[in-house]
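Listed below are the residues making up each chain.
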Amino acid sequence: MWDLVRLLLAWLGGWGCMGHLAAPAQAWAGSRGHPGPALLRTRRSWVWNQFFVIEEYAGPEPVLIGKLHSDVDRGEGRTKYLLTGEGAGTVFVIDEATGNIHVTKSLDREEKAQYVLLAQAVDRASNRPLEPPSEFIIKVQDINDNPPIFPLGPYHATVPEMSNVGTSVIQVTAHDADDPSYGNSAKLVYTVLDGLPFFSVDPQTGVVRTAIPNMDRETQEEFLVVIQAKDMGGHMGGLSGSTTVTVTLSDVNDNPPKFPQSLYQFSVVETAGPGTLVGRLRAQDPDLGDNALMAYSILDGEGSEAFSISTDSQGQDGLLTVRKSLDFESRHSYSFRVEATNTLIDPAYLRRGPFKDVASVRVVVQDAPEPPAFTQAAYHLTVPENKAPGTLVGQISAADLDSPASPIRYSILPHSDPERCFSIQPEEGTIHTAAPLDREAHVWHNLTVLATELAPGQLIQVIRALDRDEAGNSSHVSFQGPLGPDANFTVRDNRDGSANLLLPSRPAPLRQAPYLVPIELWDWGQPALSSTATVTVSVCRCQPDGSVASCWPEAHLSAAGLSTGALLAIVTCVGALLALVVLFVALRRQKQEALMVLEEEDVRENIITYDDEGGGEEDTEAFDITALQNPDGAAPPAPGPPARRDVLPRARVSHQPRPPGPADVAQLLALRLREADEDPSIPPYDSVQVYGYEGRGSSCGSLSSLGSGSEAGGVPSPAEPLDDWGPLFRTLAELYGAKEPLAP
């Protein structure tokens, strides 16, 4: 009893557990009256229980978790405690003297939840066991150190659209590694973080359910729901983990088909055979897959007789086809109704029906260009033999059933009349003989006549125009051709940057000159710009097979050329004219060259050229040297303009003696200078005249240094001072050493 009290006190005092160890009592004694060993009851003194240690606990020193003690231990130090087993010596250590057990490092319950060890008390001196070994367990006590996790997340789930509230979508499960048997560390609670108000989750089971009714896939097909799992029962301080659930709404047939328009219009040519596709109809159904499959049917009997409708391979489009042959002349159009119905209908959604829709269809039958038909299948005509060419044989007639007013052209096929015995009038269809006929040679002539319709509106050429302000083939250009009843051709604007040049109702007659068709073009810009183009059209004759024979009437193809003699005469005349032109040009060029030579020689420069060699002082032809030889005897200038001295005079003029003039050479030069200035007919003012005479009789003597007897370079002697020469030589006097300027 005392041992239990001590163990309880030790536990309450912080000890994990105290073991009470006592030596086993085994007596070897004989029974009374019987000698020998006797086995007595062994009293076990080793008392133990489980030890506990908190996980993740870490301190600066080893943590005491319990104590072992034996009754054999009297406190004398003779008892030694030993510890073996899992973690002994590394994780757990024991004090050999006191039996205290310590943990040396932090433990993780999720790695190892408990340790099994073996305790023993031995004699310290002899290591003799004082008690047999005893096994005990050290358990790691759990703490909330692991958050919940979703091992299978993220999740993907599908739920039908329009599901009721509470429809199960998916169950999510989280795992907590903490001990579920200890506290609330592993008690999880589920909540919705994102996805409200569309979905909810069961807090205990994690089942995700729909929270609102009538979720429509056509409005929103996919939802992202975030689910959280929190331990500690969802209370504050608990750890949490989250995952995502992608919920996709699957389709159900909750939408009826609907035609996007109430009326469909198609056209078909009357020559289209049975099975020809007229058009496609599609009713729109936002559902998917089999829920969108449709079947089409014609409701009215009128349309079902001429047309049939079926569904394409995808089950979406209705194919309208011709059921029987059509005739434009008997009926121009058909009107009927078409119904589209879903093939698969869910009874749960009948309240959203009816799952069908009706649309009206109008089919216009277009007239096809049919060949003209003769009024008779065969014509029997008679004509007497040996009649002159041009004799009327008979007339045939054909008409176009589509347009009786359309003109018809007739022609005889060449293979039926190889000898060209007959001719036919193209417009009227009258047959005439083209050569005398002999009954004995041919009793019958089988002719094949071809009737061709000139249909108004027949396409001749497609014309295209481009506006460089716009790009590519999207240019918006309008066309307009000639208007009025006299227009030979018709221009129809296609409103796509092109126009069709069509044959008019009244065909253009054959003529040699081509037709010029003016076409006006304008764009749609601001401001609108326009221009005019001309299309050249030639009307040609064609062979029966359609090949072009000629582009002018045969009457204009007759020979109208010139004879050979006329051509030679024209060539001769043209050659003579060319020769005259060449001769005239050559003479004119020669005359211009002669004028150019004279103009080049008459340079009119100031240099005078003479043909004879100068004779010095004896040369008196060019000027009057008398005045220089004897200035006193020089005659005064004659009245009137003087004769030019730089060129020879045209007529020899007798020299009249001049009256005595000034005796000073300076005055003579001034006089001649004044005459030159006043006479505009004399040579230019810078004309140079050479005089071969040095003045004599002058008071100043010669100015030449050659005839000077002075040794000082022509400096005058004091006997003849320069100051006496007059004012004209003032500058010369200053240059040669005059000390004082001369008085004016």
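Residues numbered from 1 in each chain as written. Predicted model: local features only at pLDDT ≥ 70, side-chain atom pairs only at ≥ 80, totals over all residues. Heavy atoms only, no water.

## Regarding the overall build of the protein
Here is the rule we go by: The helix and strand labels rest on DSSP assignments: H or I over at least four residues marks a helix, E over at least two residues marks a strand, and numbering proceeds from the N terminus. Any residue under 20% of the maximum accessible area for its type is buried, any over 50% is exposed, and the rest in between are partly exposed; the area is computed with a 1.4 Å probe on protein chains only. Only heavy atoms matter for contacts: two residues are in contact if any of them lie within 4.5 Å across the pair. Accessible areas in this description were obtained via Shrake-Rupley with a 1.4 Å probe; residue shielding takes into account the shown protein chains only.
A tally of helices and strands in the protein yields six helices and 37 strands. Across the 744 residues in the protein, those meeting the buried criterion constitute 30%. When contacts within the protein are restricted to residue pairs at least 6 apart in sequence, those whose partners lie at least 24 apart make up 63%. Accessible surface for the protein amounts to roughly 47,800 Å². Of this, 55% is attributable to carbon and sulfur atoms.

## Points about the sheet that holds strand E35 (residues 530-537)
Put simply, the test is: DSSP calls a pair of strands paired once it identifies at least 2 bridges connecting them. Think of each axis as a best-fit line through the C-alpha atoms, taken over the contacting stretch in the case of a helix, with angles from 0 to 180 degrees between the N-to-C directions.
Strand order in the open sheet made by the three strands is E31-E34-E35, with antiparallel pairing throughout. Only two strands of the sheet have a single neighbouring strand rather than two, namely strand E31 (477-480) and E35. For this sheet, the mean angle separating the axes of adjacent strands, direction not counted, is 30°. Looking at chain direction, E31 and strand E34 (residues 515-523) are connected through four bridges and run antiparallel. What sits directly across from Gln 480, in E34, is Glu 520.

## Description of helix H5 (residues 665-678)
Selection criterion: The span expected for a helix works out to 1.5 Å for each residue beyond the first. Here the arc refers to the directions that run from the helix axis out to each C-beta atom.
Between its terminal C-alpha atoms H5 stretches 20 Å, which fits the 20 Å expected from 14 residues at 1.5 Å a residue. All buried positions along H5 are accounted for by Leu 668, Leu 671, Arg 672 and Glu 675. The buried residues of H5 occupy one face: seen down the axis, they fall within an arc of 95°. Opposite the buried face of H5, at more than 90 degrees from it, the exposed residues are Leu 669 and Leu 673.

## Side note on the nonpolar core
Quick reminder of the rule: By convention a nonpolar core is built from buried Ala, Val, Leu, Ile, Met, Phe, Trp, Tyr and Cys residues, the set being connected through side-chain atoms within 4.5 Å.
In this structure, Leu 281, Phe 307, Leu 320, Phe 336, Val 361 and Val 363 are the most contacted members of the largest nonpolar core, which totals 25 residues. Looking at this core, the elements that each hand over two or more residues are strand E16 (263-269), strand E17 (277-282), strand E18 (294-298), strand E19 (307-311), strand E20 (317-322), strand E21 (333-342) and strand E22 (356-366). With residues up to four places along the chain from it excluded, the contact list for Val 363 reads Phe 266, Val 268, Val 278, Phe 307, Leu 320, His 332, Ser 333, Tyr 334 and Phe 336. Listed in part, the 22 residues of the second largest apolar core include Ile 170, Ile 227, Ala 229 and Val 247.

## Here's the deal with the packing of aromatic side chains
Applied cut-off: For Phe, Tyr and Trp, rings pair up if their centres lie within 6.5 Å, where Trp contributes its six-membered ring, and each pair is then called stacked (planes under 30 degrees apart), edge-to-face (over 60) or tilted (otherwise). When the NZ atom of lysine or the CZ atom of arginine is within 6 Å of a ring's centre and also within 35 degrees of its normal, the charge is said to sit over that ring.
One pass over the structure, following the stated rule, counts 11 aromatic pairs. With 6.0 Å between their ring centres and 70° between their planes, Phe 259 and Tyr 264 make a pair best called edge-to-face. You can call Phe 259 buried: its relative accessible area is 5%. Under the relative-accessibility criterion, Tyr 264 is labelled buried at 8%. An aromatic cluster of three or more residues is present, and its members are Phe 259, Tyr 264, Phe 266 and Tyr 296. Seen from the ring of Tyr 115, Lys 112 lies directly overhead, with NZ or CZ sitting 5.4 Å from the centre.

## Section: the sheet that holds E20
Read across the open sheet, the three strands follow the order E17-E20-E19; overall the sheet is antiparallel. The sheet is open, and its two edges are formed by E17 and E19, each paired on a single side. In this sheet, neighbouring strand axes are inclined to one another by 25° on average, regardless of whether the strands run parallel or antiparallel. Summarising the sheet, E17 and E20 pair through five bridges and their orientation is antiparallel.

## Focus: the pairing of strand E33 (residues 498-502)
Strand residues, when the strand is regular, have side chains that alternate between the two faces of the sheet. For E33, a buried count of five out of five residues is recorded, marking the element as mostly surrounded by other parts of the structure. Note that strand E30 (residues 459-464) and E33 share five bridges and pair antiparallel. Bridge pairing in E33 places Val 462 opposite Asn 500. Pairing of strand E32 (residues 490-493) with E33, which is carried by four bridges, proceeds in the antiparallel orientation.

## Some words on the confidence of the model for the protein
What counts is decided by this rule: pLDDT is defined as a per-residue confidence score from the predictor, taking values between 0 and 100.
Averaged over all residues, the pLDDT of the protein is 75; the fraction at 70 or higher stands at 70%. Low pLDDT, under 50, characterises residues 1-47; the stretch is placed with 98 contacts to residues that sit more than four places away or in other chains. Every residue in residues 553-561 is under pLDDT 50, and counting partners more than four places away or in other chains gives eight contacts.

## What to know about the pattern of salt bridges
Under the convention used in this document: Should a side-chain nitrogen of Lys or Arg be within 4 Å of a carboxyl oxygen of Asp or Glu, the pair is scored as a salt bridge.
Under the criterion given, the structure shown has 10 salt bridges. Salt-bridge contacts for Asp 317 lead to Arg 280; the nearest nitrogen and oxygen are separated by 3.1 Å. Of this pair, Asp 317 sits in strand E20 while Arg 280 sits in strand E17; the two residues are 37 residues apart in sequence, bridging distant segments of the chain. Owing to a relative accessible area of 46%, Arg 280 belongs among the partly exposed residues under this scheme. Note that Glu 339 is salt-bridged to Lys 356, the shortest N-O span being 3.9 Å. Of this pair, Glu 339 sits in strand E21 while Lys 356 sits in strand E22, and the two are 17 residues apart along the sequence. Within the structure, one salt-bridge network assembled from shared partners comprises Arg 280, Arg 282, Asp 312 and Asp 317.

## Digging into unusual backbone geometry
Look at the link from Gly 153 to Pro 154: it is a cis peptide, with omega at -5°. Tracing the sequence through the fold places Pro 154 in the loop between strand E8 (134-141) and strand E9 (155-160). Cis geometry is found at the peptide bond from Leu 196 to Pro 197, where omega equals 5°. With a phi close to 60°, Asn 127 is a non-glycine residue in the positive phi region. Residue placement: Asn 127 occurs in the loop between strand E7 (114-123) and E8. Its relative accessible area of 45% is what places Asn 127 among the partly exposed residues. If you check the backbone angles, Asn 214 has positive phi at about 60° while not being a glycine. When you line up the elements, Asn 214 lands in the loop between strand E13 (207-210) and strand E14 (222-230).

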